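Residue-level listing of the chains:
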Amino acid sequence: MKKIFTSSWGQLEKGGSNVGDEVIFASQIRDISTLGNVRVGVLSAVPEKTEKKYGAKPFDVVKGKLRAMTRGVKWSDVVIVGGGELAQDKSSLLYTPFNLHPIRLAKRLGKPAFAWSVGIGQENELARWTPGQLRKWLGYCSGVTVRDRTSLKILLDLGLNPERVRLASDSTFTLAGDYAQPHGTSEILGVALRNVSNRQGNILPLEIRRKLGLYREPDVSGIRRKWADLLDRHIEIHGGEIRFFPFHTGSLSNSDDSECEAVMAMMKHSDHATVIMPTDIRNFLTRISESRVFLTVPLHGSILSVVTGTIPIAVPYASKCYRFMEEAGIASLTVDSSSDNWDAELSVLLDRTWDSARDILQTLVEKRSELAEKCTLNLELFKQTCL
């Protein structure tokens, strides 16, 4: 039996979740399981739940993530890093080194490594030493798949072997076939919010800064008020229902559920709104698929909208969000959150998109099929280079 360790997350933390990370893992294990006679290992904070739900071998992070990662690499025959944004230095200067560490361990132990459907931050999102680290450690990998063209160009410009690097798509597009073609007639507006004020390029992650008393919560009431007013306006004009979708809950970052609840509390028409908690990932995705339009700050709000057949409008906080919208052929459905009048721009774009949803879906459904086909390249290159 081939033992494959992925540095993704089976379950992020007790009492919390990260929808993006878990759906990435769910898509990976679905693909890898088709190989037959394999066992997948993964990091988890709730190992019993991970093993029961996914049949994976969990490596408990309760005594430390690096310790669990080391155990996983030693156990494995092949090591996978990704999918997701492998390298960026805005949330923490420890983010990229942590993500690359399984490759270091694999090389030390003489085991093959593979980067699965990864993204690479751009320009000011990377510390000056990060490109050299990417060249060294991704250069060791037997194969690398990336989820956008910009990430591909960055790695090829760094001198990685073009025979080992392929443009694929986000790994979650392996799930696209689970969702029927939409009709664009729903009266539900989906909304995924996130407080990203902590992304200042600090050395330590937010969870550690909070524990050490080094982080002071900024006042984001003005931004919340703009969201509340925009959503009230939508209800007054279009009626229907608003569903908030918190993609991250728990203590490891700013909790999206708290942000959603704070905005809903400011709304005049909060009786038309509900919060859908990610207690069950499959149900969470199904509820997303029932929306006509999906306003989203988190990247995987955009990705999973397209996966499930919903039209995303992105309010990006990082280049990865723009890069995906370009790959999906809907770059025009973005609003720059750094603009002073982003809320007015978003309101106009929402009205236009809501009214023309059926026409937009004709193009989006075709693009979804293309991205689902590209997604097969993740498993294909893995088989070619690591098995």
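Starting afresh in each chain, residues are numbered from 1 along the sequence in its written order. At least 70 in pLDDT is required for a residue's local features to be given in this predicted model, at least 80 for side-chain atom pairs to be given and counted, and no such filter applies to totals for whole chains, interfaces and linings, which use all residues. Values shown for side chains rest on all heavy atoms present in the structure; no hydrogens or waters enter the calculation.

*Asks:* Can you explain the overall build of the chain? Please cite residues and give values.
*Replies:* The numbering of helices and of strands both runs from the N terminus, where a helix is a DSSP run of H or I of at least 4 residues and a strand a run of E of at least 2. The helix and strand tally for the chain stands at 14 helices and 14 strands. Dimensions of the chain, computed from the C-alpha atoms along their principal axes, are close to 60 × 50 × 40 Å. Whether a residue is buried, partly exposed or exposed follows from its accessible area with a 1.4 Å probe, protein chains only, as a fraction of its type maximum: under 20%, in between, or over 50%, in that order. In the chain, buried positions account for 57% of the 387 residues. Note on contacts: a residue pair is in contact if any heavy atoms of the two residues lie within 4.5 Å. Within the chain, counting contacts between residues at least 6 apart in sequence, those at least 24 apart form 72% of the total. Taken as a whole, the chain presents about 16000 Å² of accessible surface, with 49% of it coming from carbon and sulfur. His is not counted, nor are the chain ends; Lys and Arg add positive charge and Asp and Glu add negative charge. Each charge is placed at NZ for Lys, CZ for Arg, CG for Asp and CD for Glu. Each charge class in the chain was averaged separately, 50 positive and 45 negative side chains, and the resulting centres sit 10 Å apart. Computed with the Shrake-Rupley method and a 1.4 Å probe, the accessible areas treat only the protein chains shown as cover for residues.

*Asks:* Requested: an account of the pairing of strand β5 (residues 78-87), with residues and values cited.
*Replies:* Burial analysis of β5 places 10 of its 10 residues in the buried class, the great majority of the element. Strands are labelled as partners when DSSP assigns at least two bridges between them. Alignment of β5 against strand β6 (residues 113-120), held across seven bridges, turns out to be parallel. Residue pairing in the sheet places G84 in a bridge with V118 of β6. A right-handed crossover is one whose linking path, passing over the helix from the first strand to the second, runs clockwise when the strands point away from the viewer. Read as a crossover between parallel neighbours, the route from β5 over helix α4 (residues 95-109) to β6 is right-handed.

*Asks:* Talk me through the sheet that holds strand β14 (residues 311-314); I want residue IDs and the actual numbers.
*Replies:* Within a sheet, each strand pairs with its neighbour through backbone hydrogen bonds, oriented either parallel or antiparallel. Strand order in this open sheet of five strands is β12-β10-β9-β13-β14, and the pairing throughout is parallel. In this open sheet, the two strands that pair with only one neighbour each are β12 (273-275) and β14. Each neighbouring strand pair of the sheet contributes to a mean axis angle of 20°, computed without reference to strand direction. The pairing of strand β9 (residues 188-192) with strand β13 (residues 293-296) spans four bridges and is parallel. Bridge pairing links V191 to L295 in β13. Axis angles are defined between N-to-C directions and span 0 to 180 degrees, where every axis is a line fitted to C-alpha atoms and, for a helix, only to the segment in contact.

*Asks:* Account for the nonpolar core, naming residues and giving values.
*Replies:* Nonpolar cores were defined as sets of buried Ala, Val, Leu, Ile, Met, Phe, Trp, Tyr and Cys residues, with membership established by side-chain atoms within 4.5 Å. Among the nonpolar cores identified, the biggest contains 61 residues, and W227, L231, F244 and L295 are the most heavily contacted of them. The contact partners of F244, leaving out residues within four places of it in the chain, are V191, L193, L231, C260, V263, M264, M267, A273, T274, V275 and I276. Counting residues in hydrophobic clusters, the runner-up holds 35 residues, among them F59, I103, V146 and L155.

*Asks:* Explain the packing of aromatic side chains to me, using residue names and the numbers behind them.
*Replies:* Stacked, tilted and edge-to-face are the three classes assigned to paired rings of Phe, Tyr and Trp, where Trp is represented by its six-membered ring and a pair needs centres within 6.5 Å; plane angles under 30 degrees give stacked, over 60 edge-to-face, the rest tilted. Counted under the stated rule, the structure contains 12 aromatic pairs. The interplanar angle of 85° and the centroid separation of 5.7 Å between the aromatic rings of F5 and F59 together place this pair among those described as edge-to-face. Placement of the pair is F5 in strand β1 (residues 2-11) and F59 in strand β4 (residues 57-60), with a sequence separation of 54 residues. A centroid spacing of 5.3 Å and a plane angle of 80° characterise the contact between F114 and F382, whose relative ring orientation is edge-to-face. Remark: F382 occurs in helix α14 (residues 357-386) and F114 occurs in strand β6; sequence separation between them is 268 residues. Here F114 and F382 have matching classes, each one buried. A connected cluster of aromatic rings, assembled from ring pairs, spans F245, F247, F284 and F294. Charge-over-ring placement is defined geometrically: NZ (Lys) or CZ (Arg) within 6 Å of the ring centre, and within 35 degrees of the ring normal. Of note, R292 hangs over the ring of W354, and the distance from its end group to the ring centre comes to 4.2 Å.

*Asks:* Residue-level account of the packing of helix α8 (residues 221-238) against helix α9 (residues 256-266), with values.
*Replies:* With their axes 8 Å apart at the nearest point, α8 and α9 run at an angle of 60° to one another. Comparing the axis directions of α8 and α9 gives the class oblique. Here α8 runs over α9; the crossing is right-handed. Contacts from S221, R224, R225, W227, A228, L231 and D232 in α8 reach E259, A262, V263 and M266 in α9. Should an angle fall under 35 degrees it is called roughly parallel, over 145 degrees roughly antiparallel, and 65 to 115 degrees roughly perpendicular, with every other angle called oblique. Crossing chirality is assigned from the near helix's rotation relative to the far helix, an anticlockwise turn below a right angle marking it left-handed and a clockwise turn marking it right-handed.

*Asks:* Lay out helix α3 (residues 65-75) in plain terms, naming residues and giving numbers.
*Replies:* Residues of α3 that are buried include every one of A68, M69, G72, V73 and W75, and no others. An end-on view of α3 places all buried positions within 160° of arc, on one side of the element. Starting at the helix axis, one direction is taken to each C-beta atom, and the arc is that of these directions.

*Asks:* Explain the side chain of E327 residue by residue, including any values.
*Replies:* Its place among the elements puts E327 in helix α12 (residues 319-327). The exposure class of E327 is buried, given its relative accessible area of 5%. Residues within four places of E327 in sequence aside, it is in contact with R147, D148, R149, K367, L371 and K374.

*Asks:* With reference to specific residues and values, describe the packing of helix α10 (residues 281-289) against helix α11 (residues 299-308).
*Replies:* Each pair of packed helices gets described by two things: the angle between the helix axes and the distance between those axes. Direction vectors running N to C along α10 and α11 enclose 75°, while the axes themselves pass 9 Å from each other. On the basis of their axis angle, the class for α10 and α11 is roughly perpendicular. Contact residues: α10 offers L285, I288 and S289, while α11 offers L304, S305 and T308. Of the residues contributing to the contact of α10 with α11, the split by class is three nonpolar, three polar and no charged. Classes in brief: Ala, Val, Leu, Ile, Met, Phe, Trp, Tyr, Cys and Pro nonpolar; Asp, Glu, Lys and Arg charged; the others, Gly included, polar.

*Asks:* Report on the pattern of salt bridges, specifying residues and quantitative values.
*Replies:* Salt bridge criterion: a side-chain nitrogen from Lys or Arg within 4 Å of a carboxyl oxygen from Asp or Glu. According to the stated counting rule, one finds 21 salt bridges in the structure shown. Its salt-bridge partner being R224, residue E259 comes within 2.8 Å of it at the nearest N-O pair. With a gap of 35 residues between them, E259 in helix α9 and R224 in helix α8 connect regions that are remote in the sequence. On the accessibility criterion, E259 (7% relative accessible area) is buried. In this structure, R287 engages E290 in a salt bridge whose closest nitrogen and oxygen atoms are separated by 3.5 Å. On the basis of relative accessible area, R287 is assigned to the partly exposed category, the value being 23%. Its relative accessible area of 33% is what places E290 among the partly exposed residues. Salt bridges sharing partners connect three or more residues here, namely E85, R147, D148, D170 and R323.

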